[in-house]
Amino acid sequence: MTTIQPITANTTEPAAKAADARRFPDGFLLGAAAAAYQIEGAAHEDGRADSIWDAFSRVPGAVINADNGDVACDHYHRYRDDVALMRELGLDTYRFSTSWARVHPDGGPVNLKGVDFYSRLVDELLDAGILPWLTLYHWDLPQAHEEQGGWTNRDTAFRFRDYALTMHDALGDRVKVWTTLNEPWCSSFLSYTGGAHAPGRQDVGAGLRAAHHLMLGHGLAVQALRERDESLELGITLNLTVAKPVDPSRPGDVDAARRIDGQFNRVFLDPIFRGHYAGDLLADVGHLGLRDAIQPGDLEIISTPINALGVNYYHGESVSDQPATHPLGGHAPTDRPIRSPFPAADHVHFHSQGLPQTAMGWEVQPDGLRELLGRVHREYTGPAGVRMFVTENGAAYDDEVTADGAVHDSDRTEFLLAHLDAILDAIEEGTPVHGYFYWSILDNFEWAWGYEKRFGLVRVDYETQQRTLKDSGLAYQQVIRDRCLPATSDH
Ligand code: FCB
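Keep in mind that what you see is a predicted model, and the values were worked out from it rather than measured.

The rules behind each value
- Residues numbered from 1 in each chain as written.
- Predicted model: local features only at pLDDT ≥ 70, side-chain atom pairs only at ≥ 80, totals over all residues.
- Heavy atoms only, no water.
- Helix = DSSP H or I, 4+ residues; strand = E, 2+ residues; numbered from the N terminus.
- Rg over C-alpha atoms; globule rule 2.2 N^0.38 Å.
- Buried < 20%, exposed > 50% of the residue type's maximum accessible area, 1.4 Å probe, protein only.
- Contact = heavy atoms within 4.5 Å.
- Areas by Shrake-Rupley, 256 points an atom, 1.4 Å probe, with all protein chains shown as cover.
- Lys, Arg positive; Asp, Glu negative; His and termini not counted.
- Charge placed at Lys NZ, Arg CZ, Asp CG, Glu CD.
- Patch = residues over 30% accessible without salt bridge, like charges linked within 9 Å, V, L, I, M, F, W, Y side chains within 5 Å.
- Salt bridge = Lys/Arg side-chain N within 4 Å of Asp/Glu carboxyl O.
- Disulfide = S-S within 2.5 Å.
- Pairing = 2+ DSSP bridges.
- Near = heavy atom within 4 Å.
- Polar contact = N/O pair within 3.5 Å; in protein donor to acceptor, adjacent residues only side chain to side chain.
- Phe/Tyr/Trp six-rings, centres within 6.5 Å; stacked < 30°, edge-to-face > 60°.
- Axes fitted to C-alpha atoms, helices over the stretch in contact; angles between N-to-C directions.
- Parallel < 35°, antiparallel > 145°, perpendicular 65-115°, else oblique.
- Left-handed = near helix turned anticlockwise from the far one by under 90°.
- Expected span 1.5 Å × (residues − 1).
- Bend = angle between axes of the 7 residues up to and from the residue.
- Core = buried A, V, L, I, M, F, W, Y, C linked by side-chain atoms within 4.5 Å.

Enquirer: Whenever I open this one, the overall build of the protein confuses me. Can you help?
Expert: In terms of helices and strands, the protein carries 16 helices and 15 strands. Taking 491 residues into account, the globule formula puts the C-alpha radius of gyration at 23 Å, and the protein, at 21 Å, falls close to it. Each principal axis of the C-alpha distribution contributes one length, and for the protein these read about 60 × 55 × 45 Å. Looking at the protein as a whole, 62% of its 491 residues are labelled buried. When contacts within the protein are restricted to residue pairs at least 6 apart in sequence, long-range pairs at least 24 apart make up 79% of them. Element-wise, carbon and sulfur atoms account for 49% of the exposed surface of the protein, whose accessible area totals about 17,700 Å². Averaging the coordinates of the 42 positive side-chain charges in the protein and doing the same for the 71 negative ones gives two points 3 Å apart.

Enquirer: Please clarify how a negative patch on the surface should be interpreted in this entry.
Expert: On the surface, a cluster of negative charge is made up of Asp398, Glu400, Asp411 and Glu452. As for its position among the elements, Asp411 is in helix α15 (residues 410-428).

Enquirer: Honestly, the state of the cysteines in this entry has me stumped. Any pointers?
Expert: Formally, a disulfide is one covalent bond, and it connects the sulfur atom of one cysteine to the sulfur atom of another. Per the counting criterion, the structure on display carries zero disulfides. Cys73 takes part in no disulfide bond, and the closest cysteine sulfur, belonging to Cys186, lies 19 Å away.

Enquirer: Looking at this structure, I do not really get the pairing of strand β13 (residues 458-461). What am I missing?
Expert: Looking along a regular strand, one sees the side chains alternate between the two faces of the sheet. When β13 meets strand β14 (residues 466-469), the two strands line up antiparallel, connected through four bridges. The residue of β14 that forms the bridge with Val460 is Arg467. Connecting β13 to the next strand, β14, in antiparallel fashion are four residues, including Gln465 with a positive phi near 65°.

Enquirer: Just to check I follow, could you spell out unusual backbone geometry for this structure?
Expert: Most peptide bonds adopt trans geometry, and most residues besides glycine take a negative phi value. Geometrically, the link from Ala198 to Pro199 is a cis peptide bond, its omega value of 10° lying close to zero. As for its placement among the helices and strands, Pro199 is situated in the loop between α8 (184-193) and α9 (204-228). Cis rather than trans, the peptide bond between Trp439 and Ser440 has omega equal to 10°. Located in the positive-phi region is Ala72, a residue other than glycine, with phi close to 45°. Residue Ala72 is classed as buried on the basis of its relative accessible area of 4%.

Enquirer: Sorry, what's going on with the site of the ligand here?
Expert: Surveying the vicinity of the ligand reveals the residues Gln38, His138, Trp139, Asn182, Glu183, Tyr314, Glu392, Trp439, Glu446, Trp447 and Phe455. Here an oxygen atom of the ligand sits 3.0 Å away from a polar atom, N or O, in the side chain of Asn182. Contacts to the ligand include Glu392, whose side-chain N or O atom sits 3.0 Å from an oxygen atom. Contact with the protein chains removes 94% of the 290 Å² of surface that the ligand exposes when unbound.

Enquirer: Hey, could you run me through the pattern of salt bridges in this one?
Expert: Pairing of side chains with opposite charge becomes possible as their charged atoms draw close. One pass over the structure, following the stated rule, counts 43 salt bridges. Note that Glu429 and Arg370 form a salt bridge whose closest N and O atoms lie 2.8 Å from each other. Here Glu429, found in the loop between α15 and β12 (435-439), pairs with Arg370, found in helix α14 (residues 366-384); they are 59 residues apart in sequence, far enough to count as distant. The exposure class assigned to Arg370 is buried, which follows from its relative accessible area of 18%. Ionic contacts of the salt-bridge type, sharing partners, join the residues Asp255, Arg258, Arg259, Asp261, Arg266, Asp280, Asp284, Arg375 and Glu379 into one network.

Enquirer: Hey, could you run me through the packing of aromatic side chains in this one?
Expert: Geometry of an aromatic ring pair is reported as the spacing of the ring centres plus the angle between the planes. A full pass over the atoms with the stated rule returns 34 aromatic pairs. Ring centres of Tyr79 and Phe117 lie 5.5 Å apart, and the angle between their planes is 90°; on these two criteria the pair is classed as edge-to-face. With Tyr79 in helix α3 (residues 75-89) and Phe117 in helix α5 (residues 112-127), this pair connects stretches of sequence that are 38 residues apart. Summarising the aromatic geometry, the rings of Tyr137 and Phe160 are spaced 6.4 Å apart at their centres and angled 80° between planes, so their arrangement reads as edge-to-face. Residue Tyr137 is located in strand β4 (residues 131-137), and its partner Phe160 is located in helix α7 (residues 155-171); the two are separated by 23 residues in the primary sequence.

Enquirer: Which parts of the structure should I look at to understand the packing of α3 against α5?
Expert: In contact at an axis separation of 10 Å, α3 and α5 are set at 15° when each is read in the N-to-C sense. As the angle between them shows, α3 and α5 are arranged roughly parallel. The chirality of how α3 crosses α5 is right-handed. Note on element contacts: α5 touches α3 through Lys113, Phe117, Arg120, Leu121, Glu124, Leu125 and Asp127, opposite His75, Tyr76, Tyr79, Arg80, Val83, Met86 and Arg87.

Enquirer: Is there a simple way to explain helix α10 (residues 251-274) in this structure?
Expert: What sets the pattern is the α-helix's 3.6 residues per turn: residues three or four places apart point alike. Between its first and last C-alpha, α10 extends only 28 Å over 24 residues, short of the 34 Å set by a 1.5 Å rise per residue. When the local axis directions of α10 are compared, the greatest deviation, roughly 55°, occurs at Arg266. Burial analysis of α10 places 19 of its 24 residues in the buried class, the great majority of the element. Directly after α10, the chain includes Gly275, whose backbone phi takes a positive value near 70°.

Enquirer: For this particular structure, what's the right way to read the nonpolar core?
Expert: One recurring pattern in soluble globular proteins: nonpolar side chains tend to sit buried together. Ranked by size, the top nonpolar core spans 133 residues in total, and within it Trp53, Trp178, Tyr436 and Tyr476 carry the most contacts. Looking at which element gives the most residues to this core, the answer is α9, with eleven residues. Not counting residues within four places of it along the chain, the set of residues in contact with Tyr476 comprises Leu30, Gly31, Leu91, Leu416, Leu420, Tyr436, Tyr438 and Leu457. Residues Val177, Ala308, Met360 and Ala396 belong to the second largest nonpolar core, which totals 16 residues.

Enquirer: Looking at this model, I keep getting lost on the sheet that holds strand β7 (residues 243-245). Mind explaining?
Expert: Judged by pairing direction, the sheet is mixed, and its three strands sit side by side in the order β7-β9-β10 without closing on themselves. Since the sheet does not close on itself, it has two edges, and those belong to β7 and β10 (349-351), each with one partner. Across the sheet, the mean angle separating the axes of adjacent strands is 45° when strand polarity is ignored. Across three bridges, the pairing between β7 and strand β9 (residues 317-320) is parallel.

So this is what it looks like as structure tokens:
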């Protein structure tokens, strides 16, 4: 068996560089991410049962082109080749998730074949010198649990803890970094209130209960894993934003920004780092179902100390209580009606800042990442002594394969370099950041957007499953090799 790699970057000698090239600090991890349902496929193999995403994908109009994760990138069968690609890229670390529905099909006993897949994947990564960064929950709740109420049912938090321990039984000897949840905002508000994601419910109270129970599950899992092994690096990944009022002199705009910050960022940051929900948030949403979900002792469990915070950042928000004259380009993937995911911000409007947009209609705002990291460090991770990582950041563009078979995605390369540059700005300002994961290593199943949106450093031809390293992948390979940004790029 291979030994665990220390949580440090590989420090091969950099090539000679111009004096103004910007270097990453020693030990900074450069990696990439993906998630089980988005890449694995093999949805009905080796005992795996439905997750909420299998069920949701069958709902007419829920996912573009009625796409689903049945085959996806067929990573379940091709993981060795995919790890070889990661090695070629030079990744220090790979962030992946395990599928609860593969490991405890129908929420029942452990499925050894399911567990074995992750054991083989971890061995393959370790053999390649790549640090395995494991996320336990990237949105694929077993459908059997959903039928018992899903995350609106408090019991699901305890089942999540059991599943975390199952994974630790199997991989604890080799995996040292454990993330409980990926983006609980999406798996609660976007899924139970907005209805855009599985299970597609549209109920304000359900979203708030789900959010609280996800947090409870996080805390229970951290406690249980810590009890198993004090040396584990334990954490959670949150998607966070920078919400700014369109006009800082208008009280309505300032209140809109406060609400989005509260119902997107602070609803998770405060319970985890401060052991309470903020007063203004409780005033806005407490009566809508949050207060009823909180039981004595919950906030102590939720605020169990962690070692690592993962920040996922895609774009910032410019908000107002007034409708926009030029609304943002982003729109719902299908005709299926979805509602605002925010429990108490129905009157908030999202305005364009006039910045370039990705194929998702998301504005490209790298400096927002610098600002966000600084704020999170000052208010949360710094005082708690928690290490901060950017666990997702990336862009979808309408890639084209040229006659030479290549993908010249200069837009994605620019995006990547500009965000890495923003992280170096943050570090220079005194914000400690310890790593970056590009989303995603492969093009994959982009949830309700199906296979239409491509975020990968590696193109996947879904007909043939052929993988092609894009130009952005080559650029990242060079950054990782040199441990610095190219001096010549105009990011
Ligand atoms: C994040 C998700 C990830 C992917 C990217 C584009 O919100 O965690 O699975 O969909 O967005």
